[in-house]
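Here is what each chain is made of, one letter per residue.
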2 protein chains.
Amino acid sequence: MKLLIVGSVAYDTVKTPFGERTRVLGGSASFSSLAASFFTETALMGVVGEDFDPGDRALFVQHGIDTLGLRTVPGGKTFHWSGEYGRDLNEAKTLQTDLNVLATFDPEVPESLRDTPYLFLANLDPKAQAKVLDQVKGAKVVAADTMNFWIDQRKEDLLALLPRVHILLINEAEARQLSGEHSLVLAGRKILGWGPKRVIIKRGEYGVLNVSSEDLFAAPAYPLEEVFDPTGAGDTFAGGFMGSLAQAGNLEPAAIRRAIVMGSVMASFDVESFSLDRLRSLRKDEIEGRFEAFERLTSF
Amino acid sequence: MKLLIVGSVAYDTVKTPFGERTRVLGGSASFSSLAASFFTETALMGVVGEDFDPGDRALFVQHGIDTLGLRTVPGGKTFHWSGEYGRDLNEAKTLQTDLNVLATFDPEVPESLRDTPYLFLANLDPKAQAKVLDQVKGAKVVAADTMNFWIDQRKEDLLALLPRVHILLINEAEARQLSGEHSLVLAGRKILGWGPKRVIIKRGEYGVLNVSSEDLFAAPAYPLEEVFDPTGAGDTFAGGFMGSLAQAGNLEPAAIRRAIVMGSVMASFDVESFSLDRLRSLRKDEIEGRFEAFERLTSF
């Protein structure tokens, strides 16, 4: 089934212990739509400036992604994020954020996308996420991501969104921040009480914990020799997860679990290179190979 | 098959966000032998002082543990450790260590235990671990644990021990400290190069990563609503692991994986109460129930 992803499209300047890159393609919607495109028909919604490289738009198109909803603001500049990672690659230090065209992003969903059955509201102002949701009347499965900034600054908007989403994706520190609970099981259950049917807690190199009223599912991260650049790992996870779920076309526990592992597989590729470099050249047989390796890694 | 465990038997004074306990039974060999006793015939070797409570010895005996090797030093005092945990229960802050009788522990293995086929050298001075190994000539499967203090102070002794053990159990920070590698996959492989056939890296609330030349296996920790006291979790893991392995009687990958999950199950019980309180009252059907819950938690 078709999946619509709305979120940021950005240029990132990133430094890790393994090197640095200046103004490379990034943003929550870029990572997640590229990851999703390996599994299902995907449309990308976002906003960029006139500086956005046609080659970057072509990358999406080459992967079969519908970019009708990727709007260019005349005279505007693309959102820019700059950050740095130390030896502990679990957390980025943000050096600079230039919202640019994202600051005034007022998402208007093209008519042809308003009945998309699967919708992923990638990390974005919760008000903008709600506005998209208002318009996609045909959405049957809705997932949302968020971040510490919105929990701090827009908690009410975020809490208003939660009853309207089926699945909340959130990282470990943010789950604790949002819920006020240290235990992730308690944090997940508290957040369930605010609306979503399922909370998927992303733990970086430690994997994923999925909490719903019916079940718990835990998956480790795929162990890599080196993580070169963790930027976008959570977004890539989300894209692989939602793409796999849309491909399955149902919310049965087996589909959810397989989707979580597919998300983990995609994230494990993402962090092997800077920006979208590894996803760009990724082949389906490599995905299948790593999924099988994941089965060998975890089965007992 | 029979399992011999040598390590510390201690009195612990522990403070966690959930309360505190003064001079309660602890020590690496206490936790691990009690955990192992649910799976296989277990013998405990260690040293205590005259202050050691007969009721504590009786606890081991009640669980069928052979305490012939638990020596009492006349006039001596039992090893005492005092520590504190903050909200992040992954790491203890040591407040005080009184080695007492452990300082001069010169392990002499009783004749009847010298052909024990499974041997676990719980956390202890690597010189003392080697001395035990010298005496247990019948040992077919040898595992060892260690800690940051020995890596700092007795690295050469530890490196001399490694080629003589099949399995090294070590926690995440210590694996990095010993190997000088940040990536756990690389850390594990480097340690494999020093002798052991298998390195089991314990990651606290994040589970376990098993590295050998043939395979990787990752298991999450069982997600609990609350961790009341993490003291002994690693030792309890090791005891459940070695007990299950000795019960299986072979080192096939299936037996190793089952043993790792059994270790995780036992550790998840340990942290539900202070000291050995939860293990003390634990029933076999509870262990089986949580093993099944672990299968539901991780299968996809």
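Higher on the page you've got the structure.
Here goes a summary of the coordinates provided. All values reported here derive from a predicted model rather than from experimental measurement.

### Some remarks on the interface of chain A and chain B
Contacts between chain A and chain B engage 31 residues on the former and 31 residues on the latter. Summed over both partners, the interface of chain A with chain B comes to about 2,800 Å²; 57% of that surface belongs to carbon and sulfur atoms. For the pair chain A and chain B, the number of links is six salt bridges. Note that Arg189(A) and Glu225(B) form a salt bridge whose closest N and O atoms lie 2.3 Å from each other. When residues of the side of chain A that touches chain B are traced back to their parent elements, those giving at least two are helix H6 (172-179), helix H7 (184-192), strand E13 (216-219), helix H9 (253-270) and helix H11 (284-298) of chain A.

### A short note on the sheet that holds strand E6 (residues 79-85) of chain A
All names here are of chain A. Spatially, the four strands line up as an open sheet ordered E3-E2-E6-E7, and their pairing is mixed. Where the open sheet ends on each side, the last strands, each with one partner, are strand E3 (19-26) and strand E7 (92-98). Within this sheet the neighbouring strands show an average axis-to-axis angle of 15 degrees, counted without direction. Examined bridge by bridge, strand E2 (residues 10-16) and E6 share six bridges and lie parallel to one another. If you follow Tyr11 over to E6, its bridge partner there is His80. Along the sheet, helix H1 (residues 28-36) contacts E2 and E3; its crossing angle with E3, the most-contacted strand, is approximately 80 degrees.

### A look at the side chain of Asp235(A)
All names here are of chain A. Tracing the chain through its elements places Asp235 in helix H8 (residues 233-248). For the buried Asp235, no salt bridge is present, and the opposite-charge side chain at shortest range is Lys202, 5.3 Å distant. When near neighbours in sequence (up to four residues on either side) are disregarded, Asp235 contacts Ser28, Phe31, Ser32 and Asp145.

### Quick notes on the packing of aromatic side chains
Geometrically, a pair of aromatic rings is defined through the distance of the ring centres and the angle of the planes. Counted under the stated rule, the structure contains 15 aromatic pairs over all chains. Ring plane angle 65 degrees and centroid distance 6.3 Å describe the contact between Phe300(A) and Phe294(B), whose orientation is recorded as edge-to-face. Within this pair, whereas Phe300(A) is found in the segment after H11, its partner Phe294(B) is found in helix H11 (residues 284-298), the two belonging to separate chains. Here the aromatic rings of Phe149(B) and Trp150(B) are separated by 4.9 Å at their centres, their planes lie at 80 degrees, and the arrangement is edge-to-face. Residue Phe149(B) is classed as partly exposed on the basis of its relative accessible area, which comes to 42%. In this structure an aromatic cluster arises from ring pairing among Tyr222(A), Phe291(A), Phe294(A) and Phe300(B). In this structure, Arg290(A) packs its charged tip against the face of Phe269(A), placed 4.0 Å from the ring centre. It is Arg258(B) that lies over the ring of Phe291(B); its NZ or CZ is 4.6 Å from the centre.

The rules we used
Residues numbered from 1 in each chain as written. Chains lettered and ligands numbered in written order. Predicted model: local features only at pLDDT ≥ 70, side-chain atom pairs only at ≥ 80, totals over all residues. Heavy atoms only, no water. Contact = heavy atoms within 4.5 Å. Buried area = accessible area lost by both parts, 1.4 Å probe. Salt bridge = Lys/Arg side-chain N within 4 Å of Asp/Glu carboxyl O. Helix = DSSP H or I, 4+ residues; strand = E, 2+ residues; numbered from the N terminus. Pairing = 2+ DSSP bridges. Axes fitted to C-alpha atoms, helices over the stretch in contact; angles between N-to-C directions. Buried < 20%, exposed > 50% of the residue type's maximum accessible area, 1.4 Å probe, protein only. Lys, Arg positive; Asp, Glu negative; His and termini not counted. Phe/Tyr/Trp six-rings, centres within 6.5 Å; stacked < 30°, edge-to-face > 60°. Lys NZ or Arg CZ within 6 Å of the ring centre and 35° of its normal.

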